[in-house]
Amino acid sequence: MVKIIKNIGQLLQVRDNKDALRGKEMSQLPLIENAYLVIKNGIISDFGLMNEIPEIEAETIDANGRIVMPVWTDSHTHLVFAASRAGEFVDKINGLTYEEIARRGGGILNSAKKMTEITEDKLYEKSATLLKEVIRYGTGAIEIKSGYGLSVEAELKMLRVIKRLKQNFSIPIKATFLGAHAVPEAYKNNKKVYIDLIINQMLPAIARENLADYIDVFCEKGYFTAEETGEILQAGIRYGLKPKVHINQFNSIGGIEIAVKYQAVSVDHLEVMTDDDFEILSHSKTIATALPACSFFIDIPYAPVKHMIDKNIAVSLATDFNPGSTPGFNMNFVVSLACIQQKLTPEQAINAATLNAAAALELSKEMGSISKGKKARLMMLKDFIKDYKEIPYYFATNPVEEIFF
Ligand code: NIG
Ligand code: FE
């Protein structure tokens, strides 16, 4: 099957890079104006200027001056959940903080309770419905975490649902095991026993069914210490799961050093950073994933990504879509927030949400840029967006006209 897209106003992110961008590279967004692009069997096989368009037998799509670019990769989500937490949303409006809500039995434990009450089929239906909507907004590769189960049975239920999504959707989906998302009430005074359950029961069962690609821990005061994080990551690594870790959301407690030691693919959140944290990350391959929509929704500081880019750290952007801290999955809004609140330029933010985001899921060799031989995971934007700077400028819209996979 050959497709040719002609009259592309701006063909964005035209480069051969296969790894995450850093430093000054982040400021460049290479593009071709007035371009064509050929897709052969789902692979980008050719592109160039319209006045050099080849004459080939192909299904022709006329972009009519529209922008064509790589899809967004959302490398951090909790898309599988049983119920909304809109009640907590109202509590927040009335003055409670995210941490206060969690202490009152809301938060992650509230979602875990709902998770025990839902059947696997119903959970799949809910999640599939959401994922369809997420894709309509231009997300063409996604990571989904467990972590609202917090028991062997319920964690497996979540991960089996993610596996079914992988089987039934045509976009790349990566599964992350986040059994260490919170300490269940029953283990409140005996965290060690819960950690043993994660390591000795959950992980072997997950490995048997091949249910996860990555291991995650919420490394935070009141959740898991840096030392405990290290122990759990190590156990995951023994089962072939690479670390992707929730770190430095509210406090810096030494997690970055541990995550980098265990060669984490990414460390995510990073709203609170020390000089040491910047230093450690700048000498590592670990990608720093910022989640500005979480900062927006629960009203906490934004990750200092501008400084990270200055320090040569590879920065990516994701939504953190989840029912508690971030009930939003619009990557376009994330890109806008990164520009408005974190002062990234449109070039930096788009790089962070395409190529670097793909790298945060180890997919940048096959997608994330317009490059011959990469998969044609692309989107064509709506007619009112004439220049790439207008992608973050028209904030919180859905700029996507059509998606190609
Ligand atoms: O990334 N911080 C930890 N986990 C999620 C929130 C989970 C929840 O509140 O349900 C996050 O923000
Ligand atoms: Fe998260």
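Keep in mind that what you see is a predicted model, and the values were worked out from it rather than measured. (Residues numbered from 1 in each chain as written. Chains lettered and ligands numbered in written order. Predicted model: local features only at pLDDT ≥ 70, side-chain atom pairs only at ≥ 80, totals over all residues. Heavy atoms only, no water.)

Report on the side chain of Arg66, specifying residues and quantitative values.
Considering the arrangement of structural elements, one finds Arg66 in the loop between β4 (59-62) and β5 (67-70). Classification of Arg66 as buried rests on a relative accessible area of 15%. Contact partners of Arg66, with chain neighbours within four places excluded, come to Asn7, Ile8, Gly9, Gln10, Met380, Leu381, Lys382, Asp383 and Glu401. (Helix = DSSP H or I, 4+ residues; strand = E, 2+ residues; numbered from the N terminus. Buried < 20%, exposed > 50% of the residue type's maximum accessible area, 1.4 Å probe, protein only. Contact = heavy atoms within 4.5 Å.)

Report on the coordination of the iron ion (ligand 2), specifying residues and quantitative values.
Geometrically, a metal with four donors at the corners of a regular tetrahedron has ideal angles of 109.5 degrees, and one with six donors at the corners of a regular octahedron has ideal angles of 90 or 180 degrees. Protein coordination of the iron ion (ligand 2) is provided by His76 (NE2), His78 (NE2), His246 (NE2) and Asp320 (OD), with donor distances spanning 2.1 to 2.2 Å. Read in sequence order, the donor residues for the iron ion (ligand 2) give the motif H-x1-H-x167-H-x73-D. In this pair, His78 sits in the loop between β6 (72-74) and α1 (86-93) while Asp320 sits in the loop between β13 (315-317) and α12 (331-340), placing the two residues 242 residues apart along the sequence. (Donors = N, O, S within 2.8 Å, 3.2 Å for Na, K, Ca; no water.)

How would you summarise helix α9 (residues 275-282) if you had to cite specific residues and measurements?
Along α9, the residues classified as buried are Asp277, Phe278, Leu281 and Ser282. Buried residues of α9 fall within an arc of 125° about the axis and therefore sit on the same side. Projecting away from the buried face of α9 at angles above 90 degrees are the exposed residues Asp275 and Asp276. On its buried face, α9 is in contact with α8 (255-261), β11 (266-269), β12 (287-290) and α11 (305-310). (Arc of directions from axis to C-beta.)

Let's hear about a nonpolar patch on the surface: which residues, and what values?
Together, Phe89, Val90 and Ile93 make up an exposed nonpolar region whose accessible area comes to about 280 Å². In this fold, Val90 is placed in helix α1. (Patch = residues over 30% accessible without salt bridge, like charges linked within 9 Å, V, L, I, M, F, W, Y side chains within 5 Å. Areas by Shrake-Rupley, 256 points an atom, 1.4 Å probe, with all protein chains shown as cover. Salt bridge = Lys/Arg side-chain N within 4 Å of Asp/Glu carboxyl O.)

Account for the environment of Phe89, with residues named and values stated.
Following the sequence through the fold, Phe89 ends up in helix α1. Between the alpha carbons of Phe89 and Asn322 there is a distance of 12 Å; along the sequence they are 233 residues apart.

Talk me through helix α4 (residues 120-136); I want residue IDs and the actual numbers.
With 17 residues, α4 ought to run about 24 Å at 1.5 Å a step, and its terminal C-alpha atoms sit 24 Å apart, in line with that. For α4, the complete set of buried residues consists of Leu123, Tyr124, Ser127, Ala128, Leu131, Val134 and Ile135. Projection of α4 onto a plane perpendicular to its axis shows the buried side chains occupying an angular sector of 130°, all on one side. Across α4 from its buried face, at more than 90 degrees, point the exposed residues Thr129 and Lys132. Contact partners of the buried residues in α4: α3 (107-117), β7 (139-145), α5 (152-168), β8 (173-180) and β15 (400-404). Looking one or two residues beyond α4, the residue adopting positive phi is Gly138, at roughly 95°. (Expected span 1.5 Å × (residues − 1).)

An account of the site of ligand 1 is needed here, citing residue identities and associated values.
Taken together, 15 residues lie near ligand 1, and Arg85, Tyr98, Tyr148, Gln249 and Ser325 sit nearest. Contacts to ligand 1 include Arg85, whose side-chain N or O atom sits 2.8 Å from an oxygen atom. Between ligand 1 and the protein, one listed contact pairs an oxygen atom with a side-chain N or O atom of Asp320 at 2.8 Å. Taking 330 Å² as the accessible area of ligand 1 by itself, protein coverage stands at 100%. Residue classes in the shell around ligand 1 are distributed as 4 nonpolar, 9 polar and 2 charged. (Near = heavy atom within 4 Å. Polar contact = N/O pair within 3.5 Å; in protein donor to acceptor, adjacent residues only side chain to side chain. Nonpolar A, V, L, I, M, F, W, Y, C, P; charged D, E, K, R; others polar.)

Break down the sheet that holds strand β9 (residues 214-219) for me, citing the residues and quoting the values.
Across a sheet, paired strands are connected by hydrogen bonds in the backbone, their directions being either parallel or antiparallel. The 8 strands lie next to each other as β6-β7-β8-β9-β10-β11-β12-β13, forming an open sheet whose pairing is parallel. At either margin of the open sheet sits one strand with a lone partner, and together these are β6 and β13. Put simply, the sheet's adjacent strands are angled 25° from each other on average, direction ignored. In the sheet, β11 pairs with β12 via 3 bridges, with the strands oriented parallel. If you follow Ser266 over to β12, its bridge partner there is Ile287. Strands in contact with α5 are β7 and β8; relative to β8, the strand with the most contacts, it is inclined by about 175°. (Pairing = 2+ DSSP bridges. Axes fitted to C-alpha atoms, helices over the stretch in contact; angles between N-to-C directions.)

Break down the domain arrangement of the protein chain for me, citing the residues and quoting the values.
Parsing the protein chain into structural domains produces domain 1 (2-70 + 369-404) and domain 2 (73-359). One C-alpha centre belongs to domain 1, the other to domain 2, and the line joining them spans 30 Å. Of the residues lining the interface, 31 residues belong to domain 1; the matching set on domain 2 comes to 32 residues. Here domain 1 and domain 2 share an interface that buries about 2500 Å² over both sides, 60% of which is from carbon and sulfur atoms. When the area that domain 1 buries against domain 2 is broken down by residue, the three leading residues are Arg22, Met26 and Pro392, summing to 28%. Along the contact surface separating domain 1 from domain 2 lie 0 salt bridges. Where domain 1 touches domain 2, the interface holds 17 residue pairs in polar contact (both at pLDDT 80 or more). Secondary structure elements with two or more residues in the side of domain 1 that touches domain 2: β5, α15 (390-393) and β15. (Domains from an automatic or database assignment. Buried area = accessible area lost by both parts, 1.4 Å probe.)

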